[in-house]
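# Architecture and fold: a report
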Amino acid sequence: FENPYHNFYHVFDVTQTTYALAVRTGTLARLSLWERFALLTAALCHDLEHPGVSSPFLANAKSHDITGAFKDTLLEKHHA
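The structure reproduced in this document is the subject of the present report. All values derive from a computational prediction rather than experimental measurement. (Residues numbered from 1 in each chain as written. Predicted model: local features only at pLDDT ≥ 70, side-chain atom pairs only at ≥ 80, totals over all residues. Heavy atoms only, no water.)

## Some points on the packing of helix H1 (residues 8-24) against helix H3 (residues 33-45)
Across the interface, H1 lies against H3 with an axial gap of 8 Å and an inter-helix angle of 155°. The orientation of H1 relative to H3 falls into the category roughly antiparallel. In terms of crossing hand, the pair formed by H1 and H3 is right-handed. Residues Val-11, Val-14, Thr-15, Thr-18, Tyr-19 and Ala-22 of H1 form the contact with H3, whose own contacting residues are Leu-39, Leu-40, Ala-43 and Leu-44. Looking at the contact of H1 with H3 residue by residue, the class counts come to eight nonpolar, two polar and no charged. (Axes fitted to C-alpha atoms, helices over the stretch in contact; angles between N-to-C directions. Helix = DSSP H or I, 4+ residues; strand = E, 2+ residues; numbered from the N terminus. Parallel < 35°, antiparallel > 145°, perpendicular 65-115°, else oblique. Left-handed = near helix turned anticlockwise from the far one by under 90°. Contact = heavy atoms within 4.5 Å. Nonpolar A, V, L, I, M, F, W, Y, C, P; charged D, E, K, R; others polar.)

Here's what the structure looks like:
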């Protein structure tokens, strides 16, 4: 399944935006090296294994292990 949105450019955009916001707000200067690493790694990996479909689609397809527990916010729980 190919999703034109969840691709390398989206990952780069989110990571660059996270970095730019952290610099402009002064957040990056207040973080330790490990916290900076964690922040940028989280930005890089935020959509890892994203199926490229919506939560309602997954709930209707019943194709995910936790559809019953998190029917409306399935992909948001995936991010956590």
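## Points about the side chain of Thr-15
Examined against the element boundaries, Thr-15 turns out to sit in helix H1. Contacts of Thr-15, omitting those with residues within four sequence positions, involve Leu-40, Ala-43 and Leu-44.

## Focus on the packing of aromatic side chains
Applying the stated criterion to the full structure yields one aromatic pair. Geometrically, the ring pair formed by Trp-34 and Phe-37 is edge-to-face, given 5.8 Å between the ring centres and 90° between the ring planes. Here Phe-37 and Trp-34 lie together in helix H3, a separation of three residues that amounts to about one turn. (Phe/Tyr/Trp six-rings, centres within 6.5 Å; stacked < 30°, edge-to-face > 60°.)

## A short note on H1
With 17 residues, H1 should cover 24 Å at 1.5 Å per step; its first-to-last C-alpha distance of 24 Å lies within 8% of that length. Residues of H1 that are buried: His-10, Thr-15 and Ala-22. The buried residues of H1 occupy one face: seen down the axis, they fall within an arc of 130°. Opposite the packed face of H1, turned more than 90 degrees from it, sit the exposed residues Phe-8, Tyr-9, Phe-12 and Arg-24. Contacts made by the buried residues of H1 are with helix H2 (27-30) and H3. Where H1 ends, the next residue or the one after it, Gly-26, has phi of about 85°, a positive value. (Expected span 1.5 Å × (residues − 1). Buried < 20%, exposed > 50% of the residue type's maximum accessible area, 1.4 Å probe, protein only. Arc of directions from axis to C-beta.)

## Some words on the environment of Asp-47
Its location among the elements puts Asp-47 in the loop between H3 and helix H4 (55-61). Residue classification places Asp-47 among the buried positions, given a relative accessible area of 12%. With 40 residues separating them in the primary sequence, Asp-47 and Asn-7 have C-alpha atoms 9.2 Å apart.

Remember, this is a structural readout, not a statement about activity or role.
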